[in-house]
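Fold and geometry: a report
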Amino acid sequence: MAGGNERSMKALKEVWKRAENSLCADCGKPDPDWASSTLGVFICLSCSGIHRNIPSISKVKSLKMDHWDDAQVQFLAKHGNAVTKAIYEAHIPIYYYQPTYNDCQVLREQWIRAKYERKEFTEPGKQLPYSDGVKEGILWKRGRDNGQFLPRKFLLSEREGCLKYFTKQDAKEPKINVKIDVINATFQPEKIGNPNGLQITYLKDNKTRNIFVYHESGKEVVEWFNAIRSVQFHYLKVAFPIASDNEIKNRLTRNFLKEGYMEKTGPKQREAFKKRWFTLDHRRLMYFKDPLDAFAKGEVFVGSGENGYSVQKGLPSGTQGNFSWHYGITIVTPDREYLFTCETETDQLEWIRAFTSVINQAMTPQEYASKCLDAVSFPS
């Protein structure tokens, strides 16, 4: 018996060591140490918890702590991540967002359920709830003034190329009508205080506006997210006919590079520093009094190093404004310097890394044309 166990463990380790099994099959996290004995995939601890909630589909076991019999090891050997992905991920729409281990729970759970439970990607040309160019339904939207979440009707239309929402179910005119190409959507469960919280941002008069929504159903809110990406993808395919699918995919919804509190001072750099919430959305650095503000109080364009932009650790000597946080950052632009302070050195270094990653990227013609935002000052 002991010899059989030893043989099984040796065979299990051989399968486990295959290059294809070195990353979690669902989120890509390195060194997965769990596996599904019914699906044949190697997964991380976090994804194994999601699999455990779908017992009719997946039975998970620890590769280190649980016993694997010969039949289970042979099943893993015949399958593994590459074979199983070829089945369950055979026909993923290019616009569909495939989450990583850095993404929130609802995205990862619905990705796993879409693959294995609903088998959305196993057949070519399958009609999917987010692929037909139109989506209508109720989302709970945060009120701009009172902060309450109330049900609102939303309508997404590929034919019209826009997203609308209505304050009343029978309203004929929408409260907003936003062109699809100026929309971004990113999941914000912690900020919104709901595991299915979604932040929709859009540009109006070249300034950012925020809408915060959620739905009780994780499946429904992720379908809204991918429906937005689907409509955007097809819109951009028409607008940029010579662009490749991957180039267009990279222009769809994006996560913010960095968010958090910093202190800031005004343009004269003699005013007291004030604590504000900052969001870095690629080249747009915005600040808000509250993380859930509908409108940014100010924003600045962060260009590339070759165009005269840089980030420096610390504040200029002789900075006069009073500040309570002592880990400074200076953003240098062709027109002026922007001064910030962070509460901790960790925050400071993370912000510097985020700014550096943007500044080190060459600017596209579209970004160069929009750099007029750099003239927008941060008021006090």
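Bear in mind that the values here come from a model prediction, so they are computed numbers and not experimental data.

Taken from the UniProt record, the annotation "domain: Arf-GAP" (unreviewed entry) applies to residues 6-129. Split by type, residues 6-129 is 40% helix and 6% strand. Its first and last C-alpha atoms lie 48 Å apart.

The next point concerns the side chain of R283. Residue position: R283 is located in the loop between strand 12 (274-281) and strand 13 (284-288). Within the structure, R283 has its side chain in polar contact with the backbone oxygen of G303 (distance 3.2 Å). Within the structure, the side chain of R283 is placed 3.2 Å from the backbone oxygen of V358, a separation counted as a polar contact. With near-sequence residues (within four places) excluded, R283 lies in contact with V300, F301, V302, G303, S304, V358, Q361, A362, M363 and E367.

Quick look at the UniProt feature "domain: PH" (unreviewed entry) in the chain now. Look at the UniProt record and you will see "domain: PH" (unreviewed entry) annotated at residues 132-233 and 255-360. Secondary structure content for residues 132-233 is 20% helix and 46% strand, and the end C-alpha separation is 12 Å.

This part is about the domain arrangement of the chain. For the chain, the domain assignment lists domain 1 (1-117), domain 2 (134-250) and domain 3 (258-377). Placing the centre of domain 2 and that of domain 3 at their C-alpha centroids yields a distance of 27 Å. Buried surface at the junction of domain 2 and domain 3, both sides included, amounts to about 1300 Å², of which 50% is carbon and sulfur. Of all residues in domain 2, the largest losses of buried area upon contact with domain 3 belong to K191, N206 and T208, amounting jointly to 39% of the total for that side. Joining domain 2 to domain 3, the criterion identifies 1 salt bridge. Among the ionic pairs, K191 bridges to E259, the shortest N-O distance being 2.7 Å. Our count for the contact surface shared by domain 2 and domain 3 stands at 7 residue pairs in polar contact (both at pLDDT 80 or more). Secondary structure elements with two or more residues in the side of domain 2 that touches domain 3: helix 6 (189-192) and strand 10 (207-214). Of all the elements, strand 10 adds the most residues to the side of domain 2 that touches domain 3, at 5 residues. Looking at side-chain class alone, the side of domain 2 that touches domain 3 contains 3 nonpolar, 5 polar and 5 charged residues.

This brings us to the pattern of salt bridges. Overall, the coordinates contain 20 salt bridges when judged by the stated rule. Bridged by salt links that share partners, the residues D26, K85, E89 and K115 form one connected network.

Here we come to the packing of helix 2 (residues 45-52) against helix 5 (residues 105-117). Where helix 2 contacts helix 5, the axes come no closer than 10 Å and their chain directions differ by 55°. It follows that helix 2 is oblique to helix 5 by the angle criterion. Classified by chirality, the crossing of helix 5 by helix 2 is right-handed. Across the interface between the two elements, S46, C47, I50 and H51 of helix 2 pack against Q105, R108, E109, I112 and Y116 of helix 5. Looking at the contact of helix 2 with helix 5 residue by residue, the class counts come to 4 nonpolar, 3 polar and 2 charged.

Looking now at the packing of helix 5 against helix 7 (residues 218-239). Relative orientation and spacing of two packed helices are given, respectively, by the angle between their axes and the distance between those axes. Contact geometry of helix 5 with helix 7 gives a least axis separation of 10 Å together with a crossing angle of 90°. In terms of their interaxial angle, helix 5 and helix 7 are classed as roughly perpendicular. Contact with helix 5, carried on its side by V106, L107 and Q110, involves G218, K219, V221, V222 and F225 of helix 7 and no other residues of that element.

In spatial order, the strands read 14-13-12-11-17-16-15; together these 7 strands make up an open sheet with antiparallel pairing. At either end of the open sheet lies a strand with only one pairing partner, and these are strand 14 (298-301) and strand 15 (310-313). Each adjacent strand pair in this sheet contributes to an overall mean axis angle of 35°, direction not counted. Where helix 9 (residues 345-359) meets the sheet, it contacts strand 11 (258-264), strand 12, strand 13, strand 15, strand 16 (327-332) and strand 17 (337-342), and its direction lies at approximately 160° from that of strand 15.

Conventions adopted
Residues numbered from 1 in each chain as written. Predicted model: local features only at pLDDT ≥ 70, side-chain atom pairs only at ≥ 80, totals over all residues. Heavy atoms only, no water. UniProt positions renumbered as here; feature names shortened; annotations may be inferred. Helix = DSSP H or I, 4+ residues; strand = E, 2+ residues; numbered from the N terminus. Polar contact = N/O pair within 3.5 Å; in protein donor to acceptor, adjacent residues only side chain to side chain. Contact = heavy atoms within 4.5 Å. Domains from an automatic or database assignment. Buried area = accessible area lost by both parts, 1.4 Å probe. Salt bridge = Lys/Arg side-chain N within 4 Å of Asp/Glu carboxyl O. Nonpolar A, V, L, I, M, F, W, Y, C, P; charged D, E, K, R; others polar. Axes fitted to C-alpha atoms, helices over the stretch in contact; angles between N-to-C directions. Parallel < 35°, antiparallel > 145°, perpendicular 65-115°, else oblique. Left-handed = near helix turned anticlockwise from the far one by under 90°. Pairing = 2+ DSSP bridges.

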